[in-house]
Amino acid sequence: MGSGRLEGLGTLDLARCGLRDALDLNLLPRPASPGLGSSRPVLLKRLDLAYNWLEVLPAALGSELANLERLSLSHNRLGGLGDGLGDGSGDGSGDCKESVPALPASLKVLNLAGNGLREVPRAVASCPELVEICLDLNKLANFPEVKKLRMILATCSFL
């Protein structure tokens, strides 16, 4: 397969792939742009990482996936994460430790269901386009203010 064939990839489904380590964003296709090297953002609009074993997410998630609109992280092991959704400091206790990396500003839909979260990562509040978040099956005690948010799904989440 030629190197340019995946450049316009809009959706990547890695659900139920048994992923245990944070996604290496350098492996994702980037648009051809002479002189910019690896600093070009990935063009993905939808990324599904549901039903894996992820405990951490890449720190550069927000900057590398600058075009991302839909992100599903449901049913992973993000319960020990803080604000950046992962720098490896999660201990599985469900307590946020202000470690979640920035989320893409373009994010409109976020699914964090079934992760054992006790707090919604503050990075969620920095998503100006976020209109829908699914927090089902968590153990939440707080929720940050998100201006455009129209739908919160939080069944069995003990808000």
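Presented here is an overview of the structure given in this document. Just so it is clear, the structure is predicted and the values come from calculations on it, not from any experiment. (Residues numbered from 1 in each chain as written. Predicted model: local features only at pLDDT ≥ 70, side-chain atom pairs only at ≥ 80, totals over all residues. Heavy atoms only, no water.)

## A short note on the nonpolar core
Part 1: Counting residues in hydrophobic clusters, the biggest one holds 32 residues, and the most contacted among them are L47, L65, L71, L103 and L110.
Part 2: When residues no more than four places from it in sequence are discounted, the contact partners of L71 are L47, L61, L103, L107, V109, L110 and N111. (Core = buried A, V, L, I, M, F, W, Y, C linked by side-chain atoms within 4.5 Å. Buried < 20%, exposed > 50% of the residue type's maximum accessible area, 1.4 Å probe, protein only. Contact = heavy atoms within 4.5 Å.)

## What to know about the packing of aromatic side chains
Part 1: Taken as a whole and judged by the stated rule, the model has 0 aromatic pairs.
Part 2: One residue, R16, lies across the ring of Y51, its end atom 4.0 Å from the ring centre.
Part 3: If you follow R20 out to its NZ or CZ, it ends over the ring of W53, 5.0 Å from the centre. (Phe/Tyr/Trp six-rings, centres within 6.5 Å; stacked < 30°, edge-to-face > 60°. Lys NZ or Arg CZ within 6 Å of the ring centre and 35° of its normal.)

## Considerations on the sheet that holds strand 2 (residues 46–48)
Part 1: Spatial strand order, 1-2-3-4-5-6: 6 strands in an open sheet with parallel pairing. Both outer strands of the open sheet, strand 1 (11–13) and strand 6 (151–153), are each paired with one neighbouring strand and no more. Recorded for the sheet is a direction-independent mean angle of 5 degrees between the axes of neighbouring strands.
Part 2: Looking at chain direction, strand 4 (residues 109–111) and strand 5 (residues 132–134) are connected through 3 bridges and run parallel. For L110, the partnering residue across the bridge sits in strand 5 and is I133. (Pairing = 2+ DSSP bridges. Helix = DSSP H or I, 4+ residues; strand = E, 2+ residues; numbered from the N terminus. Axes fitted to C-alpha atoms, helices over the stretch in contact; angles between N-to-C directions.)

## Some remarks on the side chain of N115
Part 1: Structurally, N115 can be placed in the loop between strand 4 and strand 5.
Part 2: Look at N115 and you get buried, because its relative accessible area is 4%.
Part 3: A distance of 3.2 Å separates a polar atom in the side chain of N115 from the backbone oxygen of L112.
Part 4: If we skip the residues at most four places from it in the chain, N115 touches L73, S74, H75, N76, R77, L78, G79, L137 and N138. (Polar contact = N/O pair within 3.5 Å; in protein donor to acceptor, adjacent residues only side chain to side chain.)

## Quick word on unusual backbone geometry
Part 1: For R16, which is not glycine, the phi dihedral falls at a positive 55 degrees.
Part 2: With respect to the helices and strands, R16 occurs in the loop between strand 1 and strand 2.
Part 3: Even without being a glycine, Y51 presents a positive backbone phi close to 55 degrees.
Part 4: Relative to the assigned elements, Y51 resides in the loop between strand 2 and helix 1 (61–64).
Part 5: Exposure remark for Y51: the relative accessible area of 37% places this residue in the partly exposed category.

## Let's talk about the pattern of salt bridges
Note that side chains of opposite charge can pair when their charged atoms are close.
Part 1: Per the stated rule, a full pass over the model turns up 1 salt bridge.
Part 2: Ionic pairing is found between E69 and K45, a salt bridge with its closest N-O pair at 3.6 Å. Highlighted residues: E69 in the loop between helix 1 and strand 3 (70–72) and K45 in the loop between strand 1 and strand 2, separated in sequence by 24 residues.
Part 3: Looking at E69, the relative accessible area reads 25%, which means it is partly exposed. (Salt bridge = Lys/Arg side-chain N within 4 Å of Asp/Glu carboxyl O.)

## Structural notes on the environment of P121
Part 1: As for its position among the elements, P121 is in the loop between strand 4 and strand 5.
Part 2: Residue classification places P121 among the buried positions, given a relative accessible area of 1%.
Part 3: Taking the C-alpha atoms as reference points, P121 and A102, 19 residues apart in sequence, are found 9.6 Å from one another.

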